[in-house]
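Chain and residue survey
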Amino acid sequence: MFTEIAQIEIKDGSNAAFEAGVAKAKPLFLRAKGCKGVTLHKSVEHPTRYRLYVLWETVENHMVDFRESADFQEWRTLVSSHFAQPPQVEHTVDVKLG
């Protein structure tokens, strides 16, 4: 399992509209091949900074299956007008401790 972490800086004053767009887009992620969950977190210290966490079976499910789909284009249509800059995206994997 891989976690996509997208750090998204939004334009000042667009929090409600951005959050509504992400809520509307959530089903687009959940129906994508290999997607196992989506959560959105807002920074306390930086209220225009969000982190979107998406669980994927494989990195390819995100980078190929989803990103090359019409649902990805719809996701971007719903939220990209609120971006202050392009999102920073990385993939992580759980580290087993102990």
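Structure: see above.
A brief structural summary. (Residues numbered from 1 in each chain as written. Predicted model: local features only at pLDDT ≥ 70, side-chain atom pairs only at ≥ 80, totals over all residues. Heavy atoms only, no water.)

1. Notes on the overall build of the protein
Helices and strands together make up the secondary structure of the protein, namely 3 helices and 4 strands. In the protein, the succession of α and β elements from N to C terminus is β-α-β-β-α-α-β. Whereas a compact globule of 98 residues would reach a radius of gyration of roughly 13 Å, the protein reaches 13 Å, a difference of no more than 12%. By its C-alpha atoms, the protein is 40 × 35 × 20 Å across when sized along the principal axes. For the protein, the residues scored as buried account for 38% of the 98 residues in total. (Helix = DSSP H or I, 4+ residues; strand = E, 2+ residues; numbered from the N terminus. Rg over C-alpha atoms; globule rule 2.2 N^0.38 Å. Buried < 20%, exposed > 50% of the residue type's maximum accessible area, 1.4 Å probe, protein only.)

2. Observations regarding the layout of surface pockets
By volume, the largest pocket is sized at about 190 Å³. Along the wall of the largest pocket there are 15 residues; nearest its centre are Glu4, Arg67, Phe72, Arg76 and Val89. Counting only elements with at least two residues in the lining of the largest pocket, the list comes to strand E1 (2-9), helix H2 (59-66), helix H3 (70-79) and strand E4 (88-93). Considered class by class, the residues forming the lining of the largest pocket number 10 nonpolar, 2 polar and 3 charged. (1 Å grid on protein atoms, 1.4 Å probe; cavity = no way out; pocket = protein on both sides within 12 Å on 5 of 7 lines; lining within 4 Å. Points joined across faces, edges and corners; volume = space filled by probe spheres on them. Nonpolar A, V, L, I, M, F, W, Y, C, P; charged D, E, K, R; others polar.)

3. Remarks on the pairing of strand E2 (residues 35-42)
Across 7 bridges, E2 lies against strand E3 (residues 49-56) in antiparallel orientation. Within the sheet, the bridge partner assigned to Val38 lies in E3 and is Val54. (Pairing = 2+ DSSP bridges.)

4. A closer look at the sheet that holds E2
The antiparallel open sheet is built from 4 strands, whose spatial order is E2-E3-E1-E4. Looking at which strands have only one partner, the edges of the open sheet turn out to be E2 and E4. The mean inter-strand angle of the sheet, taken between neighbouring strand axes irrespective of direction, is 20 degrees. By the bridge criterion, 6 bridges tie E1 to E4 in an arrangement that is antiparallel. In the strand pairing of E4, Gln7 is matched with Gln88. Most of the contacts of helix H1 (residues 15-30) go to E2, to which it runs at about 170 degrees, and overall it touches E1, E2 and E3. (Axes fitted to C-alpha atoms, helices over the stretch in contact; angles between N-to-C directions. Contact = heavy atoms within 4.5 Å.)

5. Looking at the pattern of salt bridges
Overall, the coordinates contain 3 salt bridges when judged by the stated rule. In this structure, Asp71 engages Arg31 in a salt bridge whose closest nitrogen and oxygen atoms are separated by 2.8 Å. On the criterion of sequence distance, the pair formed by Asp71 in helix H3 and Arg31 in the loop between H1 and E2 is long-range, its members being 40 residues apart. Classification of Arg31 as exposed rests on a relative accessible area of 57%. Residue Lys36 is joined to Glu57 by a salt bridge in which the shortest nitrogen-to-oxygen separation is 2.9 Å. Here Lys36, found in strand E2, pairs with Glu57, found in the loop between E3 and H2; they are 21 residues apart in sequence, far enough to count as distant. (Salt bridge = Lys/Arg side-chain N within 4 Å of Asp/Glu carboxyl O.)

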